[in-house]
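# Descriptive analysis of the structure
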Amino acid sequence: MKTGGARRRRGPGAGVRGLAPGLALALVLSACATTPAPAPPAPEAPAPGPVPTPEPPKGTGPAGLSGWDDEDHLAAFEAWAAGCAAARDPAARTQCDRAMQIRQTSKPVTPSVARAFFETGFTVAAAETADGGPGLLTAYFAPEYEARRTPDAVFDMPVLPRPEGWTRGQVLAERAGIEAAPPTGALAWMRAEDLFFLQIQGSGYLTFEDGSRARAAYAADNGRPFTGIARPMTEQGLLPADGTSGEAIRAWLASHRGAEARAVMALNPRYIFFALDPDDGGDPGGAAGIPLTARRSIAVDPAHWRYGDLVWISADGGNLRGARGSYQGLVVALDTGSAIRGPVRADLYMGRGAAAGEEAGAVRHPLRMWRLVPRE
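Read on for a plain summary of the structure. Every chain's residues receive numbers from 1 upward, in the order its sequence appears when written. pLDDT decides what is reported in this predicted model: residues at 70 or higher carry local features, side-chain atom pairs at 80 or more are listed and counted, and totals for whole chains, interfaces and linings draw on all residues regardless. Calculation of side-chain values draws on the structure's entire complement of heavy atoms; hydrogens and water are dropped beforehand.

## Looking at the side chain of Arg 191
Numbering of helices and strands runs from the N terminus, with a helix taken as a DSSP run of H or I at least four residues long and a strand as a DSSP run of E at least two residues long. On the secondary structure map, Arg 191 appears in the loop between β7 (188-190) and α6 (192-201). It only takes one pair of heavy atoms within 4.5 Å for two residues to be counted as in contact. Ignoring anything within four residues of it in the chain, the contact list for Arg 191 reads Glu 146, Val 154, Phe 155 and Arg 257.

The structure is reproduced here in structure tokens:
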């Protein structure tokens, strides 16, 4: 997986993540979560930008993909080996077993062995939109936030547990109504804007004043649809059209903390409830039940993709301030999200923490995707 300017063709990225859990227009649009989610409104049209090189003919191997020579095949091999257990297709299981055998017999696995594995084990088939145009790449991450055991003037928003008797699909009050009700059994207390972004990501990590840490995992939702706040903030003149990155949105909410920020956040009626688990120091698991690999895992639409699918993505031309020029490489489909819909739509997990979030928040790139079809 390579990232960087549109002309950059050398040097692998840090892996392909983690949800984003990246919160800019990308996050506000994608609302990716490592949890089941109801069908959302369709995502906005992708930003204009250069169209990647057309796909190779069907049935050819991945060596025909533009940029294949510059891929970090070893990093991609390790990501596939870590995530291929999610695959259920017999041919994919065959290639997964083959990868495990290579791991056992080739110590260490070399880049050339990893490249040969993909070139001999897979063919390539393009994913296509209805009109043949590009789809959309966004990104997410696993946020890390400060929290408190008891509320104060700044940490005044409760992290709420799943309501007693909750059932999937149940429709509860909208965000504003839940926040207006007196909290019961709060698990922790956070800054309002931090909790808002934690709910967009669907999970994250909390650090308390005594240094202890916990993972906030999705436990339930209020059954309301997700609505991004980037567009209405632009329409209201609160942020410029090219300045709706996650960091910009979060900074605005923090600087207008109180009634003004809560009114904007209330535009998204969806609300997430959490459970607190120990922090094991790793990355969160995706919907496939397998820990995500930073920069090598994507969330997809399960109506068009299967967990464990190996995918080549190519995305150039981000239009948000601070955006990197391109993302290209092999990734594994291990997650889904409430706004990830369509055959050429992916949310790239960037990893844990602030740096991952800052990058994820500026990802909104025209996207092409190719499925690597495993050979029998």
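## A few points about the state of the cysteines
Covalent bonding between the sulfur atoms of two cysteines is what defines a disulfide. The criterion for a disulfide is a pair of cysteine sulfur atoms lying within 2.5 Å. By the definition in use, this model includes one disulfide. Across the disulfide from Cys 84 sits Cys 96; the S-S distance is 2.0 Å. Disulfide Cys 84 to Cys 96: torsion about the S-S bond roughly 60°, handedness right-handed. Within this pair, whereas Cys 84 is found in the loop between α2 (73-83) and α3 (90-105), its partner Cys 96 is found in helix α3, the two being separated by 12 residues in sequence.

## Quick word on the pattern of salt bridges
Salt bridge criterion: a side-chain nitrogen from Lys or Arg within 4 Å of a carboxyl oxygen from Asp or Glu. Evaluation of the coordinates by the stated rule reveals 21 salt bridges. The residue Glu 78 makes a salt bridge to Arg 103 at a minimum N-O spacing of 2.7 Å. With Glu 78 in helix α2 and Arg 103 in helix α3, the pair connects residues that are 25 residues apart, well separated along the chain. The buried label applies to any residue whose accessible area, calculated with a 1.4 Å probe on protein chains only, is under 20% of its type's maximum; exposed applies above 50%, and partly exposed to all values in between. The class for Arg 103 is partly exposed, based on a relative accessible area of 32%. Asp 279 is the partner of Arg 213 in a salt bridge, and the nearest nitrogen-oxygen pair spans 2.9 Å. With Arg 213 in strand β9 (residues 213-221) and Asp 279 in the loop between β10 (272-278) and β11 (297-299), the pair connects residues that are 66 residues apart, well separated along the chain.

## Side note on α6
For an α-helix, the turn length of 3.6 residues means that residues three or four places apart are oriented alike. For α6, the buried fraction is high: 10 of the 10 residues fall into the buried class. Directly after α6, the chain includes Gly 202, whose backbone phi takes a positive value near 90°.

## Overview of the layout of surface pockets
Grid points spaced at 1 Å over the protein atoms alone were grouped into cavities, where a 1.4 Å probe fits but cannot get out, and pockets, open sets with protein on both sides within 12 Å along at least five of seven lines, with lining residues defined by an atom within 4 Å of a point. Grid points are joined across faces, edges and corners, and a volume is the space filled by probe spheres set on the points. The computed volume of the largest pocket comes to approximately 290 Å³. Along its surface, the largest pocket is lined by 17 residues, and Leu 160, Ile 178, Pro 182, Pro 183 and Thr 184 are the ones closest to its centre. Of all elements in the fold, only β6 (157-159) and α5 (175-180) reach the threshold of two or more residues within the lining of the largest pocket. The element that contributes the greatest number of residues to the lining of the largest pocket is α5, accounting for three residues. When residue character is reported, Ala, Val, Leu, Ile, Met, Phe, Trp, Tyr, Cys and Pro are called nonpolar, Asp, Glu, Lys and Arg charged, and the others, Gly included, polar. Within the lining of the largest pocket, the residues separate by chemical class into 12 nonpolar, two polar and three charged.

## Digging into the sheet that holds β10
Taken in spatial order, the four strands make up an open sheet running β5-β8-β9-β10, and their pairing is mixed. At either end of the open sheet lies a strand with only one pairing partner, and these are β5 (144-146) and β10. Sheet twist, expressed as the mean angle between neighbouring strand axes with direction ignored, is 35°. The criterion for strand pairing is that DSSP finds at least two bridges linking the strands in question. Of the pairings in the sheet, the one linking strand β8 (residues 204-207) to β9 comprises four bridges and is antiparallel in character. Bridging from a neighbouring strand, Leu 206 pairs with Ala 214 of β9. With axes taken as lines fitted to C-alpha atoms, and helix axes fitted only over the stretch in contact, angles between N-to-C directions fall between 0 and 180 degrees. Of the strands in this sheet, β5, β8, β9 and β10 are in contact with α6, which crosses β10 at around 90°.

## Considerations on empty space enclosed by the protein
Estimated volume of the second largest cavity: approximately 30 Å³. Along its surface, the second largest cavity is lined by Trp 80, Ala 87, Ala 92, Phe 122, Gly 308, Asp 309, Leu 310, Leu 372 and Pro 374. Counted by class, the lining of the second largest cavity contains seven nonpolar, one polar and one charged residues.

## Let's talk about the packing of aromatic side chains
Pairing of aromatic side chains requires ring centres within 6.5 Å, counting the rings of Phe and Tyr and the six-membered ring of Trp. Pairs whose planes differ by under 30 degrees are stacked, by over 60 edge-to-face, and all others tilted. Counted under the stated rule, the structure contains 10 aromatic pairs. Taking the centre distance of 6.2 Å and the plane angle of 85° together, the rings of Trp 68 and Phe 118 count as edge-to-face. With Trp 68 in the loop between β2 (32-33) and α2 and Phe 118 in helix α4 (residues 111-121), this pair connects stretches of sequence that are 50 residues apart. A relative accessible area of 1% places Trp 68 in the buried class. Judged by its relative accessible area of 0%, Phe 118 is buried. Ring centres of Phe 118 and Phe 122 lie 6.2 Å apart, and the angle between their planes is 45°; on these two criteria the pair is classed as tilted. Site record: aromatic cluster; members linked through ring pairs are Trp 68, Phe 77, Trp 80, Phe 117, Phe 118, Phe 122 and Trp 312. Lying across the ring of Phe 208, Arg 149 places its NZ or CZ 3.5 Å from the centre. Comment: the charge-over-ring label is applied if NZ (Lys) or CZ (Arg) is within 6 Å of the ring centre and within 35 degrees of the ring normal. A cation sits over an aromatic face here: Arg 352 above Tyr 205, 3.5 Å from the ring centre.

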